[in-house]
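Residues per chain are reported as follows:
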Amino acid sequence: MSALDERAATSAVPEAADFDGIRVGMVSDTGVAPAPAAGAPQLPVAVIQAPPVRDAQVTGIDWEAGARPRSVGVRLEGIVTRWKPARRRGRGRVHQDVRLVDADGQVVERARVTWDVPAASDVQDDESAPRVAWDVGTVAWGKHLAARLAADEDFVSAVETFDGSVGIRAGDEQVEFRIYRGRVIEVARKTPEGPTFTITGSERAWVDLLAAGKNDLVARLGRNEFRSTGNNYQYLRIFRAIMLMVDAARLAAVKEKPSA
């Protein structure tokens, strides 16, 4: 069971009142309800039962069906996967992964939902450690991670002979780490020659990996929660470095509890 599973809330709406109080990993959870009839999507309608905070407004839903329920009831679960300042002053944007899960743990329906959320303060940007540590795939997150890797002798050794760029993608966000002679020499949304290879996962997949009790990236790759595209030889050659990057990201995130 992941740390996020252990933090599942009992009420439909978290205690946070507005955008400022939201943290990635916050869980909204309703009780068990009757399972949806076969072929009848319920999630787009039910999603409003699991808002990240009160007065949040849905601005987008990307819905998909899953397995047919084997049990008589389902639970609606929502988890915040990204926190972003909005273009409008005094507002914020929150991404949430929402799922209908049956008693056997099967995902019956799921959706990636975007919310517009009121902010108590005038939030335009926030690059503080609590936010950045969970903002996988952004340049701010990449620079935060690169600073940690510069002091990691094992990472330096693992990429000593590597000359290229490693891409990390979470949902729609991607950052590239340009590496040469054991050092990250550039962190950018796009490097001059593009990524040598890219590790891709959904926002939810990255949140689950950072919050899990151990670095189980290999198992998650086997379950297709993550995938690698690009130069497979280079990917396998420096895979140890990839694991060390995940270790560093997890260490930064664990200091900021998901529902803190």
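For every chain, the first residue of the written sequence is number 1, and numbering continues from 1 along that sequence. Per-residue local features of the predicted model are confined to residues with pLDDT of at least 70, and side-chain atom pairs are confined, for both listing and counting, to 80 or more; whole-chain, interface and lining totals are unaffected and use all residues. Heavy atoms from the whole structure form the basis of all side-chain values; hydrogens and water molecules are not counted.

Colleague: Would you mind going over the pattern of salt bridges with me for this structure?
Modeller: Pairing is possible between side chains that carry opposite charge, provided their charged atoms lie close to one another. Any carboxyl oxygen of Asp or Glu within 4 Å of a side-chain nitrogen of Lys or Arg constitutes a salt bridge here. Across all of its chains, the model carries 17 salt bridges by this definition. The salt bridge partner of glutamate 186 is arginine 178, with a shortest N-O separation of 3.4 Å. Note that arginine 220 and glutamate 225 form a salt bridge whose closest N and O atoms lie 3.0 Å from each other. One salt-bridge network, held together by shared partners, links Arg75, Glu77, Asp97, Arg99, Arg110, Arg204 and Asp208.

Colleague: For this particular structure, what's the right way to read the pairing of strand β6 (residues 163-170)?
Modeller: On a regular strand, one side chain projects to one face of the sheet and the next to the other, so that they alternate. Only protein chains enter the calculation, and the probe is 1.4 Å; a residue is then buried if its accessible area is under 20% of its type maximum, exposed if over 50%, and partly exposed in between. By definition, any uninterrupted DSSP run of H or I lasting at least four residues is a helix, any uninterrupted run of E lasting at least two residues is a strand, and each is numbered from the N terminus. The buried count for β6 comes to 6 of 8 residues, which makes it a mostly enclosed element. In this sheet, strand β7 (residues 173-180) lies alongside β6 in antiparallel orientation, the contact comprising 8 bridges. Residue pairing in the sheet places glycine 164 in a bridge with isoleucine 179 of β7. In this antiparallel pair of consecutive strands, β6 and β7, the connection spans 2 residues, and glycine 171 shows a positive phi of 65°. Think of it this way: DSSP has to see at least two bridges between two strands before they count as a pair. The pairing of β6 with strand β9 (residues 197-201) spans 5 bridges and is classified as parallel. In the sheet register, alanine 170 faces β9, and the bridge partner there is glycine 201.

Colleague: How should the sheet that holds β6 be read in this particular structure?
Modeller: Adjacent strands of a sheet pair through backbone hydrogen bonds, lying either parallel or antiparallel. Strand order across the open sheet formed by 5 strands is β8-β7-β6-β9-β10, with mixed pairing between neighbours. Single-partner strands in this sheet number two, and they are β8 (183-188) and β10 (226-230). Strand-to-strand twist across the sheet, computed as the mean angle between neighbouring axes with direction ignored, equals 20°. Throughout, a residue-residue contact means that at least one pair of heavy atoms, one from each residue, lies within 4.5 Å. Where helices are involved, their axes are fitted lines through C-alpha atoms of the stretch in contact, as for all axes, and angles between N-to-C directions lie from 0 to 180°. Packing against the sheet, helix α4 (residues 139-149) makes contact with β6, β7 and β8, and its axis sits at approximately 35° to β7.

Colleague: Explain the packing of aromatic side chains here, please?
Modeller: Within a pair of aromatic rings, the relevant descriptors are the distance that separates the centres and the angle that separates the planes. Note on aromatic pairs: the rings of Phe, Tyr and Trp (six-membered ring only in Trp) are paired at centre separations within 6.5 Å, and the planes decide the class, stacked below 30 degrees, edge-to-face beyond 60, tilted for the rest. As enumerated under the stated definition, the model contains 5 aromatic pairs in all. Note on phenylalanine 162 and phenylalanine 197: the rings are 6.4 Å apart at their centroids and 55° apart in plane angle, and the pair reads as tilted. In this pair, phenylalanine 162 is assigned in the loop between α5 (153-158) and β6 and phenylalanine 197 in strand β9, connecting sequence segments 35 residues apart. Exposure remark for phenylalanine 197: the relative accessible area of 0% places this residue in the buried category. Centroid distance phenylalanine 197 to tyrosine 235: 5.5 Å. Interplanar angle 70°. Geometry classified as edge-to-face. Residue phenylalanine 197 is found in strand β9, and its partner tyrosine 235 is found in helix α8 (residues 232-237); the two are separated by 38 residues along the sequence. In textbook terms, an aromatic cluster arises when at least three aromatic residues are bridged by ring pairs, as seen for Phe162, Phe197, Tyr235 and Phe239.

Colleague: Just to check I follow, could you spell out α4 for this structure?
Modeller: Residues spaced three or four apart along an α-helix point in a common direction, a consequence of the helix completing one turn every 3.6 residues. Of all the positions in α4, only Val139, Trp141, Gly142, Leu145, Ala146 and Leu149 are classed as buried. All buried residues of α4 lie within an arc of 150° about the axis, which places them on one face of the element. Looking at α4, the residues exposed on the side facing more than 90 degrees away from the buried face are Lys143 and Ala147. An arc is given here, and it is the one of the directions from the helix axis to the C-beta atoms.

Colleague: I tried to follow the nonpolar core on my own but got confused; where do I start?
Modeller: One broad rule of soluble globular proteins: the nonpolar side chains tend to lie buried together. Put simply, a nonpolar core is a bunch of buried Ala, Val, Leu, Ile, Met, Phe, Trp, Tyr and Cys residues held in one set by side-chain atoms that sit within 4.5 Å of each other. In terms of nonpolar packing, the biggest core is built from 66 residues, with Trp141, Val166, Ile168, Phe177 and Leu217 touching the most fellow members. For this core, the element with the most residues is helix α9 (residues 239-254), which contributes 11 residues. Sequence-distant contacts of valine 166, that is, excluding residues within four places in its chain, are made with Val175, Glu176, Phe177, Ile179, Phe197, Ile238, Ile242 and Met245.

Colleague: What exactly am I supposed to notice about the packing of helix α6 (residues 203-211) against α9 here?
Modeller: Working note: a packed helix pair is described by the angle between its axes plus the distance between those axes. Put simply, α6 and α9 touch, their axes get as near as 8 Å, and they point 80° apart. When the axes of α6 and α9 are compared, the pair comes out roughly perpendicular. Contacts from Leu209, Leu210 and Ala211 in α6 reach Val246, Ala249, Arg250 and Ala253 in α9. Side-chain classes are defined by residue name, with Ala, Val, Leu, Ile, Met, Phe, Trp, Tyr, Cys and Pro counting as nonpolar, Asp, Glu, Lys and Arg as charged, and the others, Gly among them, as polar. Taken together, the residues that form the contact of α6 with α9 break down as 6 nonpolar, no polar and 1 charged. For this classification, under 35 degrees means roughly parallel, over 145 means roughly antiparallel, 65 to 115 means roughly perpendicular, and everything else is oblique.

Colleague: It is not clear to me how α6 should be interpreted in this structure. Could you clarify?
Modeller: With 9 of its 9 residues buried, α6 lies for the most part within the structure. For α6, every residue scored as buried is listed here: Glu203, Arg204, Ala205, Trp206, Val207, Asp208, Leu209, Leu210 and Ala211.

Colleague: Honestly, unusual backbone geometry in this entry has me stumped. Any pointers?
Modeller: Residues other than glycine predominantly adopt negative phi, and peptide bonds predominantly adopt the trans conformation. With phi around 50°, arginine 181 is a residue other than glycine that occupies positive phi space. Considering the arrangement of structural elements, one finds arginine 181 in the loop between β7 and β8. Positive phi is not limited to glycine here, since asparagine 224 has a value of about 65°. Position of asparagine 224 among the secondary structure elements: in the loop between α7 (217-222) and β10.

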